[in-house]
Amino acid sequence: MRRTKIVDLLKREDYGSQVCVKGWVRTKRGSKSVNFIALNDGSTIKNVQIVADAEKFDPEMMKSITTGACLSVVGEMVQSIGAGQNVEIQASEIELLGDCPSDYPMQKKGQTMEYMRQYAHMRIRTNTFGAVFRIRHNMAIAIHKFFHDKGFYYFHTPIITASDCEGAGEMFQVTTKNLYDLKKDDNGQIIYNDDFFGKMTSLTVSGQLEGELGATGLGQIYTFGPTFRAENSNTPRHLAEFWMIEPEVSFIDLPDLMDLEEEFIKYCVQWALDNCQDDLEFLNKMIDKGLIERLQSVVNTEFVRLPYTKGIEILEEAVKNGHKFEFPVSWGCDLASEHERYLVEEYFKKPVIMIDYPKDIKAFYMKQNEDGKTVQGTDVLFPQIGEIIGGSIREESYDKLMKRIEEMNIPMKDMWWYLDTRKYGSCPHGGFGLGFERLILFVTGMQNIRDVIPFPRTPKTAEF
Ligand code: 4AD
Ligand code: MG
């Protein structure tokens, strides 16, 4: 008999039909004469209740049906009188597909997130992580739909690269060289010409540079792929391997770029509200009581647009009035997460799009303003999260870009192709990068970025 997914079964009303469901036991309770088994197959947060009369089944097999065991059940769909669900199954056949010994690590409810992380291969079977990963899937679909509907092309940029887009030197090297026997030149520098690519290569920190090549041919593109940063930041907001969405648009200016950022995030949040109701309700109840309200409020609020200089004034004023920050704040400093969160959570109580940053704290490619001090960068700062988006209008003048590259000592030997966009038919353009896991953090109310990606990579952890 063909299997019915629980998500589909729970919508049916053709009581009396014979059905087959397969899934994992969440709980079993009952008496000598009848057992009630809550079965979940991952298709929804909801379980279906299996009613099994003891007399119909082998007592040994019934004993083996414990939390975590995998079953195939055939039976009659009946209307449920209990609260919660309309449908339950009166079992006629139960096959134990996989029993589950009592050392099953997901046995007990209410384990800490840290505990669950040690069993990332098993935590996917819990309610919380089921909800998180179903929402994660939905967000990926929303992202593709948003850009596709706007006429952006999904553009694939390389994962292995010889350039450092952000210039922060936080790259993981890729090599086939024998690390125990590295050939070096007279200055002690490693010789790469016999390495696989004949030069030093790394995992990409951003697809932007190649994304710009795409946008200056196809008009507007977006990338959506894995991104790697060897930054030794052990925080609840940083991963060494994360996913980033990077749209890049020709002929866009700063106000339009900010509109795109705001519209994009709101679209994704609205998508979750419309398509992930059951999972959001579960997370709202179990993880974060203010979640759904916060999501609705973001969709209905206009984001604040704030020049960096004004932001610093507000923070300095706060310090004057006795607010204590761990890190000092003055014009020219890179904002710490406590500063960003003060502006977003306490001062404005809304998401903030900050613009016009000092050029010295931003990457080489950002368009320089007339004042000679600031650049057209934009960061979107979010409640609970801090920076969720980083982007900019790009410097399209070949001469200004070259000058900045020289000032910042950026090795351009391998970036001639990037400069060609400014040499041949240069055009105004801009784009941004959204950290996918930071979006998922916001949408799920989870507290740690390690808990919104199936198998997190962070300093000293690459298990699974
Ligand atoms: O601000 P970032 O470094 O910007 C760029 O990479 C640009 N090239 C994007 C562009 O203009 N096309 O990173 C963009 C976003 C951040 O705002 C943050 O959400 C996320 O990527 N991010 C991380 N997420 C998780 N772990 C990390 N280590 C992250 N580093 C950045
Ligand atoms: Mg940034």
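Residues numbered from 1 in each chain as written. Chains lettered and ligands numbered in written order. Predicted model: local features only at pLDDT ≥ 70, side-chain atom pairs only at ≥ 80, totals over all residues. Heavy atoms only, no water.

Student: I would appreciate a short explanation of the overall build of the protein chain in the present structure.
Tutor: Of the regular secondary structure elements, the protein chain holds 13 helices and 16 strands. Considered along the principal axes of its C-alpha atoms, the protein chain spans approximately 85 × 60 × 45 Å. Each of the 464 residues in the protein chain was classed as buried or not, and the buried ones make up 50%. For the protein chain, the exposed surface amounts to about 23,000 Å²; the carbon and sulfur share of it is 50%. In the protein chain, which carries 54 positive and 68 negative side-chain charges, the distance between the mean positions of the two groups comes to 4 Å. (Helix = DSSP H or I, 4+ residues; strand = E, 2+ residues; numbered from the N terminus. Buried < 20%, exposed > 50% of the residue type's maximum accessible area, 1.4 Å probe, protein only. Areas by Shrake-Rupley, 256 points an atom, 1.4 Å probe, with all protein chains shown as cover. Lys, Arg positive; Asp, Glu negative; His and termini not counted. Charge placed at Lys NZ, Arg CZ, Asp CG, Glu CD.)

Student: Before we go on, may I ask you to explain the pattern of salt bridges in this structure?
Tutor: It is possible for side chains of opposite charge to pair when their charged atoms get near one another. Scanning the entire structure with this criterion turns up 27 salt bridges. The closest approach of N and O atoms between Asp 194 and Lys 177, which form a salt bridge, is 2.6 Å. Taken together, the residues Asp 194 in the loop between β8 (173-174) and β9 (201-203) and Lys 177 in the loop between β8 and β9 connect sequence positions 17 residues apart. Among the residues examined, Asp 194 registers a relative accessible area of 43% and is labelled partly exposed. Of the residues examined, Lys 177 reaches a relative accessible area of 14% and is grouped as buried. Residue Arg 394 pairs with Glu 212 through a salt bridge whose shortest N-O separation is 4.0 Å. Here the residue Arg 394 occupies a position in the loop between β15 (386-393) and α11 (398-407), and Glu 212 occupies one in helix α5 (residues 208-218), the gap between them amounting to 182 residues. A relative accessible area of 2% places Arg 394 in the buried class. (Salt bridge = Lys/Arg side-chain N within 4 Å of Asp/Glu carboxyl O.)

Student: Got a minute to help me understand the environment of Cys 20 in this structure?
Tutor: Within the fold, Cys 20 resides in strand β1 (residues 18-30). Not counting the four nearest positions on each side in its chain, Cys 20 is found in contact with Met 1, Arg 2, Arg 3, Thr 4, Ser 72, Val 73 and Val 74. (Contact = heavy atoms within 4.5 Å.)

Student: I'm lost on the site of ligand 1 in this one. Help?
Tutor: As a structural note, the neighbourhood of ligand 1 is formed by 25 residues, with Glu 166, Gln 208, Glu 231, Glu 246 and Glu 387 the closest of them. Within the backbone of Leu 239, one N or O atom sits 3.0 Å away from a nitrogen atom of ligand 1. At 3.2 Å, a backbone N or O of Gly 435 approaches an oxygen atom of ligand 1. Burial of ligand 1 by the protein amounts to 93% of the accessible area it has alone, namely 630 Å². The set of elements that each furnish at least two residues to the shell around ligand 1 consists of β11 (241-250), β15 and β16 (429-435). (Near = heavy atom within 4 Å. Polar contact = N/O pair within 3.5 Å; in protein donor to acceptor, adjacent residues only side chain to side chain.)

Student: Even after reading the chapter, I still don't get the sheet that holds strand β7 (residues 160-161), so can you show me in this structure?
Tutor: Sheets are built from strands that pair by backbone hydrogen bonding, the pairs being arranged parallel or antiparallel. Strand order in the open sheet formed by three strands is β7-β9-β8, and the pairing between neighbours is antiparallel. Each edge of the open sheet carries a strand with a single partner, namely β7 and β8. (Pairing = 2+ DSSP bridges.)

Student: What is the right way to read the packing of aromatic side chains from this model?
Tutor: How two aromatic rings sit relative to each other is given by the distance of their centres and the angle of their planes. Applying the stated criterion across every chain yields a total of 24 aromatic pairs. Summarising the aromatic geometry, the rings of Phe 382 and Phe 442 are spaced 4.8 Å apart at their centres and angled 80° between planes, so their arrangement reads as edge-to-face. Residue Phe 382 is found in strand β14 (residues 374-382), and its partner Phe 442 is found in helix α13 (residues 436-444); the two are separated by 60 residues along the sequence. By the burial criterion, Phe 382 is buried, and Phe 442 matches it. Seen in terms of ring centroids, Phe 455 and Phe 464 are 5.9 Å apart; in terms of plane orientation they differ by 45°. Their pairing is tilted. For Phe 455, a relative accessible area of 33% corresponds to the partly exposed category. You can call Phe 464 partly exposed: its relative accessible area is 41%. (Phe/Tyr/Trp six-rings, centres within 6.5 Å; stacked < 30°, edge-to-face > 60°.)

Student: Even after reading the chapter, I still don't get helix α10 (residues 337-348), so can you show me in this structure?
Tutor: Structurally, the α-helix is built with 3.6 residues per turn, so residues lying three or four positions apart point the same way. For α10, which comprises twelve residues, the first-to-last C-alpha distance of 15 Å matches the rise-based estimate of 16 Å (1.5 Å per residue) to within 8%. Every buried residue belonging to α10 is among His 339, Glu 340, Tyr 342, Leu 343 and Val 344, and all of these are buried. The elements touched by buried residues of α10 are β12 (304-307), α9 (308-320), β13 (352-358), β14 and β15. Phi for Lys 349, located one or two positions after α10, is positive at around 55°. (Expected span 1.5 Å × (residues − 1).)

Student: Mind showing me how you'd approach the packing of helix α4 (residues 127-149) against helix α6 (residues 254-275) here?
Tutor: For any two helices packed against each other, the geometry is given by the interaxial angle and the distance between the axes. Where α4 meets α6, the closest approach of the two axes is 9 Å, and the angle between their N-to-C directions is 135°. One element, α4, and the other, α6, form an angle in the oblique class. In this structure, the crossing between α4 and α6 has a hand that is right-handed. Counted together, Asn 138, Met 139, Ile 141, Ala 142, Ile 143, Lys 145, Phe 146, Phe 147 and Asp 149 of α4 and Leu 260, Glu 263, Phe 264, Tyr 267, Cys 268, Trp 271, Ala 272 and Asn 275 of α6 form the full contact between these two elements. For the contact of α4 with α6, a count of residues per class yields twelve nonpolar, two polar and three charged. (Axes fitted to C-alpha atoms, helices over the stretch in contact; angles between N-to-C directions. Parallel < 35°, antiparallel > 145°, perpendicular 65-115°, else oblique. Left-handed = near helix turned anticlockwise from the far one by under 90°. Nonpolar A, V, L, I, M, F, W, Y, C, P; charged D, E, K, R; others polar.)

Student: Would you mind showing me how to read the pairing of strand β5 (residues 87-98) here?
Tutor: Every regular strand shows the same layout, with side chains that alternate between the two sheet faces. As paired elements, strand β3 (residues 48-53) and β5 share three bridges and run parallel to each other. Bridging from a neighbouring strand, Ile 50 pairs with Ile 89 of β5. When strand β4 (residues 70-79) meets β5, the two strands line up antiparallel, connected through ten bridges. Looking across to β5, one finds that Val 73 is bridged to Ile 94.

Student: I would appreciate a short explanation of the nonpolar core in the present structure.
Tutor: It is characteristic of soluble globular proteins that their nonpolar side chains tend to be buried jointly. Membership of the largest hydrophobic core comes to 90 residues, with the highest contact counts inside it found for Ile 94, Met 139, Leu 280 and Val 443. Among residues more than four places away in sequence, those in contact with Leu 280 are Ile 135, Ala 272, Leu 273, Leu 291, Ile 292, Leu 295 and Val 443. Within the second largest apolar cluster, 18 residues are counted, among which are Ile 312, Val 344, Val 352 and Tyr 357. (Core = buried A, V, L, I, M, F, W, Y, C linked by side-chain atoms within 4.5 Å.)

Student: How should the sheet that holds β1 be read in this particular structure?
Tutor: The strand order around the closed barrel built from five strands is β1-β2-β3-β5-β4, with neighbouring strands paired in mixed fashion. With direction set aside, neighbouring strand axes in the sheet form an average angle of 55°. Relative to strand β2 (residues 34-40), β1 is paired through six bridges, and the arrangement is antiparallel. Of the residues in β2, the one forming a bridge with Val 25 is Leu 39.

Student: What's the story with the environment of Thr 235 in this structure? I'm lost.
Tutor: Considering the arrangement of structural elements, one finds Thr 235 in the loop between β10 (220-228) and β11. When near neighbours in sequence (up to four residues on either side) are disregarded, Thr 235 contacts Ile 449 and Arg 450. There is a polar contact of 2.7 Å between the side chain of Thr 235 and the side chain of His 238.

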